[in-house]
Amino acid sequence: QQPVQSPQAVILREGEDAVINCSSSKALYSVHWYRQKHGEAPVFLMILLKGGEQKGHDKISASFNEKKQQSSLYLTASQLSYSGTYFCGTVHAGNMLTFGGGTRLMVKP
Amino acid sequence: DTEVTQTPKHLVMGMTNKKSLKCEQHMGHRAMYWYKQKAKKPPELMFVYSYEKLSINESVPSRFSPECPNSSLLNLHLHALQPEDSALYLCASSQDFKRGVQETQYFGPGTRLLVL
């Protein structure tokens, strides 16, 4: 079952923050975050496993709330290079990775 | 090195043509995947190979025929495609494959296919 991402699109000025949410109606085993620039391959950002963990590198971090069956991706002090479409992928017990509809992020100077 | 390579980058074919897409990885991964991605949509899983054997076929039409000659190579043979099959075809690989224990997948740049 496809996870639901919100918002569908967001426009930021350089230096602003953004939050992208990913929610599922079923119990999650893991959440994977990818960024895809136009015409390029999806690039892996991070994976979060059940247990309510939080991860991050540089100014991009994510949280996983197992109880609420949702994950959030936090983009801090956005840079032009952050522009692209962000996909969350969710895994439920016994199932394959399924991607959400994507969130299109545009960072303007 | 987390590189997955795909050839060709672009492909235009007629509905009566036969063509093949190629994917290669040298990370020692034992699982490889084919995805189809339409514009402004997420990747959709087509096939999964684990240890060179087909593990998953997501009800893909027989005009798409996957092949895994060895652990580093994955092909997708195309025959009698329809215009609606035009899309970006992505290959990915992961260390291993087990349902519900999804390991990180690394994607190639894709082949942009146009069927006329």
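As the structure is a prediction and not an experimental result, all values here were calculated from the model.

*Asks:* Whenever I open this one, the overall build of chain B confuses me. Can you help?
*Replies:* Along chain B, the regular secondary structure elements total 0 helices and 11 strands. Taken from the N to the C terminus, the helices and strands of chain B come in the order β-β-β-β-β-β-β-β-β-β-β. Compactness check: chain B gives a C-alpha radius of gyration of 13 Å against a globular reference of 13 Å for 116 residues, within 12% of the reference. With respect to the principal axes defined by its C-alpha atoms, chain B has extents near 40 × 30 × 30 Å. Considering chain B as a whole, with its 116 residues, one finds that 50% of them fall into the buried category. Within chain B, contacts between residues separated by at least 24 positions form 57% of all contacts whose residues are at least 6 apart in sequence. Of note, chain B has its 14 positive side-chain charges centred 6 Å away from the centre of its 11 negative side-chain charges.

*Asks:* Got a minute to help me understand the state of the cysteines in this structure?
*Replies:* What we call a disulfide is simply a covalent bond connecting the sulfur atoms of a pair of cysteines. Going through the model one piece at a time under the given rule, you end up with 2 disulfides over all chains. With its sulfur 2.0 Å from that of its partner, Cys22 of chain A forms a disulfide with Cys88 of chain A. Measuring the twist about the S-S bond at about 70°, one finds the Cys22 of chain A-Cys88 of chain A disulfide to be right-handed. In this pair, Cys22 of chain A sits in strand S3 (residues 18-23) while Cys88 of chain A sits in strand S9 (residues 84-91), placing the two residues 66 residues apart along the sequence. For the pair Cys22 of chain A and Cys88 of chain A, one class covers both residues: buried. Across the disulfide, Cys23 of chain B is cross-linked to Cys91 of chain B (sulfur-sulfur distance 1.9 Å).

*Asks:* I'm lost on the sheet that holds strand S1 (residues 4-7) of chain B in this one. Help?
*Replies:* Two strands in a sheet stick together by hydrogen bonds in their backbones, pointing the same way (parallel) or opposite ways (antiparallel). All names here are of chain B. With antiparallel pairing, the 4 strands of this open sheet are ordered in space as S1-S3-S8-S7. In this open sheet, the two edge strands, each paired with only one partner strand, are S1 and strand S7 (64-70). Neighbour-to-neighbour, the strand axes of the sheet open up by a mean angle of 20°, direction not taken into account. The pairing of S7 with strand S8 (residues 73-79) spans 5 bridges and is antiparallel.

*Asks:* Looking at this structure, how should I read the pairing of S9 of chain A?
*Replies:* It is a general feature of regular strands that their side chains alternate between the two faces of the sheet. Residue and element names in this part refer to chain A. A large share of S9 lies buried, amounting to 8 of its 8 residues. With 3 bridges connecting them, S9 and strand S11 (residues 103-108) associate as antiparallel partners. Residue pairing in the sheet places Thr85 in a bridge with Arg104 of S11. Pairing analysis gives 2 bridges linking S9 to strand S10 (residues 98-99), with the strands arranged antiparallel. Each bridged residue has a counterpart across the sheet, and for Gly89 the counterpart in S10 is Phe99. The loop that links S9 with its antiparallel partner S10 comprises 6 residues; one of these, Gly94, has a positive phi angle of about 80°.

*Asks:* What is the right way to read the packing of aromatic side chains from this model?
*Replies:* We describe a pair of aromatic rings using the distance from one ring centre to the other and the angle between the two ring planes. Per the stated rule, a full pass over the model turns up 11 aromatic pairs over all chains. Consider the rings of Tyr34 of chain A and Phe107 of chain B, whose centres lie 5.5 Å apart with planes at 90°: the pair is edge-to-face. Taken together, the residues Tyr34 of chain A in strand S4 (residues 30-36) and Phe107 of chain B in strand S10 (residues 106-107) connect one chain to another. This pair shows no difference in class: Tyr34 of chain A is buried, exactly as Phe107 of chain B is. Ring centres of Phe99 of chain A and Tyr35 of chain B lie 6.0 Å apart, and the angle between their planes is 70°; on these two criteria the pair is classed as edge-to-face. Remark: Tyr35 of chain B occurs in strand S4 (residues 31-37) and Phe99 of chain A occurs in strand S10; the pair is interchain, linking two chains.

*Asks:* Would you mind going over the interface of chain A and chain B with me for this structure?
*Replies:* Interface size is often expressed as the accessible area that is lost when the parts come together. Contacts between the two partners involve 23 residues from chain A, matched on the other side by 24 residues from chain B. Three residues stand out in chain A for area buried against chain B, namely Pro42, Met96 and Phe99 of chain A, and they jointly supply 32% of the buried area on that side. Linking chain A with chain B are 2 residue pairs in polar contact (both at pLDDT 80 or more). Where the side of chain A that touches chain B is concerned, the elements lending two or more residues are S4, strand S5 (42-49) and S9 of chain A. Across the side of chain A that touches chain B, the residue classes break down as 12 nonpolar, 9 polar and 2 charged.

The rules behind the values
- Residues numbered from 1 in each chain as written.
- Chains lettered and ligands numbered in written order.
- Predicted model: local features only at pLDDT ≥ 70, side-chain atom pairs only at ≥ 80, totals over all residues.
- Heavy atoms only, no water.
- Helix = DSSP H or I, 4+ residues; strand = E, 2+ residues; numbered from the N terminus.
- Rg over C-alpha atoms; globule rule 2.2 N^0.38 Å.
- Buried < 20%, exposed > 50% of the residue type's maximum accessible area, 1.4 Å probe, protein only.
- Contact = heavy atoms within 4.5 Å.
- Lys, Arg positive; Asp, Glu negative; His and termini not counted.
- Charge placed at Lys NZ, Arg CZ, Asp CG, Glu CD.
- Disulfide = S-S within 2.5 Å.
- Pairing = 2+ DSSP bridges.
- Axes fitted to C-alpha atoms, helices over the stretch in contact; angles between N-to-C directions.
- Phe/Tyr/Trp six-rings, centres within 6.5 Å; stacked < 30°, edge-to-face > 60°.
- Buried area = accessible area lost by both parts, 1.4 Å probe.
- Polar contact = N/O pair within 3.5 Å; in protein donor to acceptor, adjacent residues only side chain to side chain.
- Nonpolar A, V, L, I, M, F, W, Y, C, P; charged D, E, K, R; others polar.

Geometric descriptors of this kind do not, in isolation, establish any biological role.
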